[in-house]
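Residues per chain are reported as follows:
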Amino acid sequence: MAKKTAPKKSKNPVARSSSLKFPSSVPVTRYAPPATAHPSNRSRRLLLKLSGETLAEPGNHLSPRVTRHLAHQIKEIVSPSLQLAIVIGGGNIWRGAPAAGEGRMDRNTADYMGMLATVINSLALQDALEQAGVQTRVMTAIEMKNVAEPFIRRRALRHLEKGRVVIFAAGTGHPFFSTDTTAALRASEIGADALLKATKVDGIYDSDPRTNPRAHRFETITYGDALRRRLKVMDSTAFSLCMDNRIPIVVFDVFREGNLRAAATGRPVGTRVIAGD
């Protein structure tokens, strides 16, 4: 009786797989891009630039009374329909550029000291805001995890979407950049609808109103006109960032009661810098 032999196994893996059955259609999960910084149904998003001097008063470089008053002004404008981020300067504590300019200190070291000054101001404002009942997060460009969160753009956007005020501290994290430039950069990154520049004057003038009683204040001016007239709105790097990203700038006097609310709600106040046609 003839002995049956088993069929030889193919050494070709492709041949062995030819008997496998595949479904006629395979479900495909398509990539969904993350939400953009400008969803059509989101709240109005603003970036408020404060100088360090807004937290000071005569005889006190960092006044708890002034800081609490400013916190209550900010509380009035925060709402479900308005998201707010803040950048604070550190000039009430330390100014890096003048110290370096006088030859007393290396510019890099002086600027890093200025970044630390902005962290001090940011923590002071955070404390005042939270005592006023406003949830606030400080995010720093230089990591100091025991003090504040590191700046991560998506995390900052999430905080804003949850209704928290976000304070960006420590500048850009690099020397040679002003806090005006930080404000313009962060405004661009979070997709801000406007940059509110709080100052001691009530707008932009064609000359210095302190020396020229006939100085004319602009209600609205284009980026191009401001450049041609060489008006000092903010430093050139910050101004260029806003112009390139078409972010309106509102320059106003924060020390006049009601101006912050007016600027935040879009009512006429100070000077508005806009893109031309």
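Residues numbered from 1 in each chain as written. Predicted model: local features only at pLDDT ≥ 70, side-chain atom pairs only at ≥ 80, totals over all residues. Heavy atoms only, no water.

Considerations on the overall build of the protein
Each helix and strand counted, the protein has nine helices and 11 strands in total. Here the protein holds 277 residues, and 43% of them are scored as buried. The long-range fraction of contacts in the protein, counting pairs at least 24 apart against all pairs at least 6 apart in sequence, stands at 71%. Surface summary for the protein: the accessible area is close to 16,300 Å², and the carbon and sulfur share equals 52%. (Helix = DSSP H or I, 4+ residues; strand = E, 2+ residues; numbered from the N terminus. Buried < 20%, exposed > 50% of the residue type's maximum accessible area, 1.4 Å probe, protein only. Contact = heavy atoms within 4.5 Å. Areas by Shrake-Rupley, 256 points an atom, 1.4 Å probe, with all protein chains shown as cover.)

A few points about the pairing of strand β6 (residues 194–199)
The buried count for β6 comes to six of six residues, which makes it a mostly enclosed element. A two-sided burial pattern is seen for β6, the buried positions comprising Ala194, Leu196 and Ala198 on one face and Leu195, Lys197 and Thr199 on the other. With four bridges joining them, strand β1 (residues 44–50) and β6 adopt parallel strand pairing. Directly across from Lys49, in β6, lies its bridge partner Lys197. Note: β6 against strand β10 (residues 249–253), five bridges, orientation parallel. Looking across to β10, one finds that Lys197 is bridged to Val251. (Pairing = 2+ DSSP bridges.)

Concerning the environment of Leu55
Within the element layout of this structure, Leu55 appears in the loop between β1 and α2 (64–77). Judged by relative accessible area, which is 0%, Leu55 ranks as buried. Remark: the alpha-carbon pair of Leu55 and Arg68, spanning 13 residues in sequence, is separated by 9.1 Å. Residues in contact with Leu55, not counting those within four places in the same chain, are His61, Leu62, Ser63, Val66, Thr67, Leu70, Ile88, Asn92 and Asn121.

Here we look at the nonpolar core
If you look at the biggest cluster of nonpolar residues, it comprises 36 residues, and the most contacted ones within it are Leu48, Ile74, Ile86, Leu125, Leu196 and Phe252. Broken down by secondary-structure element, the contributors of at least two residues to this core are β1, α2, β2 (82–88), α4 (107–131), β5 (165–169), β6, β10 and α9 (259–264). In terms of residues, this core owes the most to one element, α4, which gives five residues. Residues Ile204, Val233, Met234 and Cys242 belong to the second largest nonpolar core, which totals 31 residues. (Core = buried A, V, L, I, M, F, W, Y, C linked by side-chain atoms within 4.5 Å.)

Side note on unusual backbone geometry
With a phi close to 75 degrees, Phe176 is a non-glycine residue in the positive phi region. Even without glycine at this site, Arg246 takes up a positive phi of about 55 degrees. Along the chain, Arg246 turns up in the loop between α8 (236–244) and β10.

Describing the sheet that holds β10
Pairing is mixed across the open sheet formed by nine strands, whose spatial order is β4-β3-β5-β2-β1-β6-β10-β11-β9. The two strands at the open ends of the sheet, each matched to only one other strand, are β4 (149–150) and β9 (220–222). As paired strands, β2 and β5 are joined by three bridges and run parallel to one another. Looking at the pairing, Ala85 lines up with Val166 of β5. Its contacts with the sheet put helix α6 (residues 179–190) on β1, β2, β5 and β6, and the angle it makes with β1 is roughly 170 degrees. (Axes fitted to C-alpha atoms, helices over the stretch in contact; angles between N-to-C directions.)

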